Amino acid sequence: MALVVSATPAAAYPNAYFHTQSAGNRGADVLTIQYLLQHHGQSVTADGVFGSGTTTAVRAFQTAKGLGVDGIVGPQTWAALAPQIQQGASGAAVKALQVQLNAKRRLSLAVDGTFGAALTTAVRDFQSHAGIGVDGVVGPTTWRNLGWHYDYPDFGAGICDQNPDGNGTANWGTAAAVAQLESAVRSFATTGQGQVPLGDVGFEHGGAINGHSSHRVGLDADIWPIRTDNGQCTAGRITWQSPTYDRAATRQLVQAIRTAAPGHVALIFFNDPTLISEGLTTQYANHDNHLHVRYCEKVEPNSLYDC
C-alpha cells in the first residue's frame, strides 16, 4: 500500500505515549509486544492477541527487570521492552519495528527481522512525519511515537467506509481499537448478513473532529445498525424504529464487538430499548441511527476511556 502523507505531523502531539495493553487487547501493538518479549528471551506466540500466554510472559519479563508485576504493558514495561536498533540489526525486535511501520504508516514491509536499507528509509520517513530527529536509529523517542501513532482499518475485512460528517478518511484509531473492531466484523461476516458500515473513528493524529464531541483519542467508532435486507452499506442508514431494522442481526453484531474485546468495551451508545434492557447498549441522545462503540484501556490518560 502507498504511504499516507498527512498535512499535520505527529509533532502536533508532543506528549506521545505508549497505549497501555493488557489481557483482552489485540492488534499491531500487541503483536509488537509479543515480538519484543521474544527479543528478551520470553517464550510467547506472536499472534496479535493478548491472551493468558502473553500475560504470563509479560509478568516474567517484569519480574526479570524489577518492574511492578501486573501482566499489564504500561509505559514502564513498554520502555523496558523496546531496545535501540538500527541498520544491521536482526531478530524479533526488528520484526516488532516492521509490524509497527506497516500498521501505522500503511506499508507492506516484509516482517522478516532484517534491518536493511529499505527499513532504514521507512524509519527515517516516519521520523520526519512525526517531527522527531531523523537519523534512522530506533531509540526510545521513535518507539514511543510509533506506539502512540494511530492505525487504519482493513476495508477488506467486511467493513464499508461511510462519511456522514464530511471528515474524509477519519478512520484512524488506536491499534487495539482497530483490530478489535476488525475481529468483530470478521466474526459477524460469518452470519451472511452483509458488511458493517463504519462512520468516523478519528483523524490520523486525533484531535477535534467535525460533528463529534468525542472521537478525539482513537477509541471511539461509529457503525450503522443492520438492515433486514442486508443493505446497510448500499441502501442507506436507518434507525432502530425503521421497518427494515434487523434487531436480531444488530444484537449479533453488538455481541461480536463485546466478545472480540473482553474487558475493553466501555460502552456502546444505541437507543434500541430492547438492547438497552438486555445490557448490551446504553441510551444517549442522537444515537437512534448508529452505534457508538467506545473502547477503553487500562490506565488511559482520559478517564472516560480508562477501563
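The shown structure was predicted, so the numbers you read here are calculated from the model rather than taken from an experiment. (Residues numbered from 1 in each chain as written. Predicted model: local features only at pLDDT ≥ 70, side-chain atom pairs only at ≥ 80, totals over all residues. Heavy atoms only, no water.)

Asks: Even after reading the chapter, I still don't get empty space enclosed by the protein, so can you show me in this structure?
Replies: Over the atoms rolls a probe the size of a water molecule, and its path tells where empty space is left. The full count for this structure, using the stated rule, is one cavity of 30 Å³ or more. In this structure, the largest cavity encloses a volume near 40 Å³. Here the lining of the largest cavity gets three residues from one element, more than from any other, and that element is helix 7 (residues 175-189). Its residues assigned to classes, the lining of the largest cavity shows six nonpolar, one polar and no charged. (1 Å grid on protein atoms, 1.4 Å probe; cavity = no way out; pocket = protein on both sides within 12 Å on 5 of 7 lines; lining within 4 Å. Points joined across faces, edges and corners; volume = space filled by probe spheres on them. Helix = DSSP H or I, 4+ residues; strand = E, 2+ residues; numbered from the N terminus. Nonpolar A, V, L, I, M, F, W, Y, C, P; charged D, E, K, R; others polar.)

Asks: Any chance you could explain the UniProt feature "domain: Peptidoglycan binding-like" (unreviewed entry) in the chain here in plain terms?
Replies: Under the UniProt annotation, "domain: Peptidoglycan binding-like" (unreviewed entry) lies at residues 26-81 and 90-144. Across residues 26-81, helical content stands at 59% and strand content at 0%; the span's end C-alpha atoms are separated by 18 Å. (UniProt positions renumbered as here; feature names shortened; annotations may be inferred.)

Asks: I'm lost on the nonpolar core in this one. Help?
Replies: A general feature of soluble globular proteins is that nonpolar side chains tend to end up buried together. Membership of the largest hydrophobic core comes to 38 residues, with the highest contact counts inside it found for Leu37, Ile85, Leu97, Leu101, Phe115 and Trp143. Secondary structure elements with two or more residues in this core: helix 1 (28-39), helix 2 (52-65), helix 3 (75-81), helix 4 (92-105), helix 5 (117-130) and helix 6 (140-148). No other element matches helix 4, which puts eight residues into this core. Counting 35 residues, the second largest nonpolar core, distinct from the first, contains Leu181, Val185, Ile257 and Ala260. (Core = buried A, V, L, I, M, F, W, Y, C linked by side-chain atoms within 4.5 Å. Buried < 20%, exposed > 50% of the residue type's maximum accessible area, 1.4 Å probe, protein only.)

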